[in-house]
Amino acid sequence: MATLVVPENVSYVDDARALQKACQGWGTDEKAIISILGHRNAAQRKQIRLAYSELFQEDLVKRLESELTGDFEKAVYRWVLDPEDRDAVLANVAIRKSGDYHVIVEIACVLSSEELLVVRRAYHARYKHSLEEDLAAHTTGDIRKVLVGLVTAFRYEGDEINTRLANSEADILHDAIKDKAFNHEEVIRILTTRSKAQLMATFNRYRDDHGSSITKDLLDEPADEFKTVLRTAIRCINDHKKYYEKILRNAIKKVGTDEDALTRVIVTRAEKDLNHIKEMYYKKNSVALDQAVAMDTSGDYKAFLLALLGKEE
């Protein structure tokens, strides 16, 4: 369930004019920008961008970039893009930040096969390279193998499960972890090719047969980048809402909020399942997510995030 609150009747031309007015003169009218963009879905935002371009011969995204600053600018910029464009930008930023692989894994493992394909096309159009080409150029060895495998996967999306296969592949994964052969080619093959339904059956079989989850067994091992990528992939495939709740919890609990993580989760999930993530957050932390965000952020950035969370200041 989405948290975004969207009005029924929207005039894209009126919205475009109001946004242009908000960006005119000496000071930007941030409240007007939030009141419009904080209540429009992806299809509506696209129409507003088109109307703005036709009316003013100017790119709305670039105009907003030049008018806004800081975390507020970053959040609005990511929100106003088409979802696939946003993910392409997030992936590119993560690739250039060496070692920031969790964002790549999220995109590869949370999106459906079709959605991932659309992101890869958007990446082509924006950067004139393929996502896997840039990823391969900035990684080496086993990390490169697993990440390129994840972003190029086109997983089967059906619910069918092969129980015998789940049993045998749960044993393969367990043996690899027991032997500390985390980079075994079979581990990479299983995680990068099997359907999500098949993998979840395998992970459940692993827990039933061996008395602990695969993520816990990986956590018990000394941490390194490769094992972190494996754990992130498994958590995103197994229960991405639980994964995102923990990202939010860590972002807010850090000394100095992790605004990048906070923005990413709220902006990418507000039109999808942020309500469920909010419920999980409350159960885990005994405080409402919007309350935690309000206490940890300020100004226009805070107001914008609260609008996406379905709460006004």
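From a predicted model like this one, the values you see are computed outputs, not experimental measurements. (Residues numbered from 1 in each chain as written. Predicted model: local features only at pLDDT ≥ 70, side-chain atom pairs only at ≥ 80, totals over all residues. Heavy atoms only, no water.)

## Quick notes on the overall build of the protein chain
Part 1: A tally of helices and strands in the protein chain yields 19 helices and zero strands.
Part 2: Taken over C-alpha atoms, the radius of gyration comes to 21 Å for the protein chain, in line with the 20 Å a tight globule of 313 residues would show.
Part 3: A principal-axis box enclosing the C-alpha atoms of the protein chain has dimensions of 65 × 45 × 35 Å.
Part 4: Expressed as a percentage of its 313 residues, the buried residues of the protein chain come to 51%.
Part 5: In the protein chain, 70% of the contacts between residues at least 6 apart in sequence involve partners at least 24 apart.
Part 6: Of the side-chain charges in the protein chain, 47 are positive and 53 negative, and the distance between the mean point of each set is 2 Å. (Helix = DSSP H or I, 4+ residues; strand = E, 2+ residues; numbered from the N terminus. Rg over C-alpha atoms; globule rule 2.2 N^0.38 Å. Buried < 20%, exposed > 50% of the residue type's maximum accessible area, 1.4 Å probe, protein only. Contact = heavy atoms within 4.5 Å. Lys, Arg positive; Asp, Glu negative; His and termini not counted. Charge placed at Lys NZ, Arg CZ, Asp CG, Glu CD.)

## A look at the pattern of salt bridges
Part 1: Taken as a whole, this structure holds 23 salt bridges when the rule is applied.
Part 2: Ionic pairing is found between D260 and K74, a salt bridge with its closest N-O pair at 3.1 Å. Of the two residues, D260 is situated in helix α16 (residues 259–269) and K74 in helix α5 (residues 70–80); the sequence distance between them amounts to 186 residues.
Part 3: For D260, a relative accessible area of 26% translates into the label partly exposed.
Part 4: On the accessibility criterion, K74 (30% relative accessible area) is partly exposed. (Salt bridge = Lys/Arg side-chain N within 4 Å of Asp/Glu carboxyl O.)

## What about the UniProt feature "binding site: Ca(2+) 2" (unreviewed entry) in the protein chain?
Part 1: Taking the numbering used here, the UniProt-annotated feature "binding site: Ca(2+) 2" (unreviewed entry) corresponds to T297.
Part 2: For T297, the position within the fold is in the loop between α18 (289–296) and α19 (299–308).
Part 3: Those residues in contact with T297, other than ones at most four positions away along the chain, are L262, K302 and L305.
Part 4: At a separation of 2.6 Å, a polar atom in the side chain of T297 contacts the main-chain carbonyl oxygen of V293. (UniProt positions renumbered as here; feature names shortened; annotations may be inferred. Polar contact = N/O pair within 3.5 Å; in protein donor to acceptor, adjacent residues only side chain to side chain.)

## As for the nonpolar core
Part 1: Among the nonpolar cores identified, the biggest contains 98 residues, and L64, L147, L262, I266 and V293 are the most heavily contacted of them.
Part 2: The biggest single contributor to this core is helix α15 (residues 225–253), with 13 residues.
Part 3: Each residue touching L262, except ones within four places of it in the same chain, is listed here: L248, A251, I252, T257, V293, T297, Y301 and L305. (Core = buried A, V, L, I, M, F, W, Y, C linked by side-chain atoms within 4.5 Å.)

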